[in-house]
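In case you want the letters, here they are:
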Amino acid sequence: MLVHIGLSALVLMAGLCGKGICEGSEQAISRLEQAVSEGSAGGEDYVALGHAYLATDERGKARRTFQKAISRGATAGGYHGLGLLSLDTKGEGLRAMFNFRRALSENPTFAPAQYHLAVAYLKMRPLDAMGAFEQVVAMDPAHKDALFQIGILYEKRGRLDDAIAAYRDQVAVLDNHHRARLKLAKLLLRRGEVAEAMGLFEILTTAGGDVALEAYLEMAALSQMAGDFGGAQRLYKAYIARLPEAEQSVFQDISLVASGPELETYRDIPDDLKAEMIRRFWVRVDPTPLTKVNERLVEHYRRVAHA
């Protein structure tokens, strides 16, 4: 019985698992290896198995499996896989481009090979990258990343209106492309379209990871600039709470702002007493002690985040 896992689904799974071996990829590898050992696997199954090996960093197995895929007739997918192996290997950029071109010669509409050829151009022939990414969009108008890369290239050239349009298009075809939405929000902010930018940042706070952190920070700075110190303080605290513990401590460290005897005391007291001293310090320097907001603390957060 033929065991076949769609390549696009497997690649997505591998991306979600990162470089580690997640449960899904282990099961996929086991099933595909069984099909290979039984002689029931076709060329596309070898391609899928090669991507699974690549996702788990078994590069030798991946190379042999992609070569086997080519011999079994899955030429475009096999050469694309070989190109991926070279793409992130120092000194093999030309080999990567050669294999991506071989994949495209076998299947001129194979968008993944065109996309990764464009990525290789970013490293080797940056002036050709724009046209290469535009070709990806011509092949696959709903590509998951090509429009975003086009937006970055437009932004680098100072063509901000074109960059905004590209980022909008990327979000339109892939709503969870958080980096495109973040880039779009920042460019809109530069153009003074604060309300739309703020709305995009609010969406991004639910995205998780670095994107959410950047969104919280941008929103905090906007609130502070608008004189909404209460909102700014809440947003900075939300930002800080999502940082690794070591980074959070930098925001709490009053040795950056205390001086004289107060600084000496802070450095000398036991760690379990420092939290109370920090609280009292910020109460003392609060310019509006009768309100719930500490404007001086908000400015401290802004300065530390900027630094």
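Keep in mind that what you see is a predicted model, and the values were worked out from it rather than measured.

**Q** Quick one: what's the story with the packing of aromatic side chains, residue by residue and with numbers?
**A** The full count for this structure, using the stated rule, is six aromatic pairs. Each ring, one from F281 and one from W282, has its centre 5.0 Å from the other, and the planes form 80 degrees; the classification is edge-to-face. By relative accessible area, which is 7% here, W282 ends up buried. A connected cluster of aromatic rings, assembled from ring pairs, spans Y236, Y239, F251 and Y301. The ring of Y266 carries K274 above its face, with NZ or CZ at 4.9 Å from the centroid.

**Q** I'd love a proper account of helix α13 (residues 209-225), names of residues and values included.
**A** Here α13 spans 25 Å end to end across 17 residues, near enough to the 24 Å set by a 1.5 Å rise per residue. Residues V211, A212, L213, A215, Y216, M219, A220, L222, S223 and Q224 constitute the buried set of α13. The secondary structure elements touched by the buried residues of α13 are α11 (178-190), α12 (194-204), α14 (229-241) and α18 (295-306). One or two positions beyond α13, positive phi appears at G227, with a value near 85 degrees.

**Q** Provide a residue-level description of unusual backbone geometry, including the pertinent values.
**A** In this structure, D57 is a non-glycine residue whose phi angle is positive, near 65 degrees. Position of D57 among the secondary structure elements: in the loop between α3 (43-55) and α4 (59-71).

**Q** Please give an account of the packing of α12 against α13 that cites residues and values.
**A** At a minimum axis distance of 8 Å, the contact between α12 and α13 shows a crossing angle of 140 degrees. For the pair α12 and α13, the crossing hand works out as left-handed. Residue-level contacts link V194, M198, F201, E202 and L204 of α12 to V211, A212, A215, E218, M219, L222 and S223 of α13. Tallied by class, the residues present in the contact of α12 with α13 amount to nine nonpolar, one polar and two charged.

**Q** Describe the packing of α11 against α12, and please don't skip the residues or the numbers.
**A** Between α11 and α12, the shortest axis-to-axis distance is 8 Å and the interhelical angle comes to 155 degrees. As summarised for this structure, α11 and α12 are arranged roughly antiparallel, according to the angle between their axes. Note that α11 runs across α12; the crossing there is left-handed. Residues H178, R181, L182, L184, A185, K186, L188 and L189 of α11 form the contact with α12, whose participating residues are V194, E196, A197, L200, F201, I203 and L204. The residue inventory of the contact of α11 with α12, partitioned by class, reads 11 nonpolar, one polar and three charged.

**Q** Mind laying out the nonpolar core, listing which residues take part and the relevant values?
**A** The biggest cluster of nonpolar side chains holds 84 residues, and the ones touching the most others in it are F133, Y167, F201, Y239 and F251. Non-local contacts of F251, meaning those with residues more than four positions away in its chain, are made with Y239, I240, L243, H300, Y301, V304 and A305. If you look at the next biggest cluster of nonpolar residues, it comprises six residues, including A35, A41, V47 and A74.

Cut-offs used in this document
The residue count restarts for each chain, going from 1 along the sequence in the order it is written. In keeping with the model being predicted, local features are shown solely for residues with a pLDDT of at least 70 and side-chain atom pairs are shown and tallied solely at 80 or more, while totals for entire chains, interfaces and linings include all residues. Hydrogens are left out, water is left out, and the side-chain values use all remaining heavy atoms of the structure. Two aromatic rings from Phe, Tyr or Trp, using only the six-membered ring of Trp, form a pair when their centres are within 6.5 Å; if the ring planes differ by under 30 degrees the pair is stacked, by over 60 it is edge-to-face, and anything between is tilted. Working definition: with a 1.4 Å probe on protein chains only, accessible area under 20% of the residue-type maximum means buried, over 50% means exposed, and in between means partly exposed. Put simply, a charge is over a ring when the Lys NZ or the Arg CZ is close to the ring centre, within 6 Å, and near the line of the ring normal, within 35 degrees. Strands here mean DSSP runs of E at least two residues long; helices mean DSSP runs of H or I at least four residues long; both are numbered from the N terminus. Here a helix's expected span is defined as the number of its residues, less one, multiplied by 1.5 Å. Residues are treated as being in contact if the distance between any of their heavy atoms lies within 4.5 Å. Each axis is a line fitted through C-alpha atoms, and for a helix only the stretch in contact is used; angles between axes span 0 to 180 degrees, taken between their N-to-C directions. Note: crossing handedness is left-handed where the near helix turns anticlockwise from the far helix by less than a right angle, and right-handed where it turns clockwise. In this classification, the charged set is Asp, Glu, Lys and Arg, the nonpolar set is Ala, Val, Leu, Ile, Met, Phe, Trp, Tyr, Cys and Pro, and all remaining amino acids, among them Gly, are polar. Under this scheme an angle from 65 to 115 degrees is roughly perpendicular, one under 35 degrees roughly parallel, and one over 145 degrees roughly antiparallel; angles in between are oblique. Here, nonpolar core refers to any group of buried Ala, Val, Leu, Ile, Met, Phe, Trp, Tyr and Cys residues whose side-chain atoms link them within 4.5 Å.

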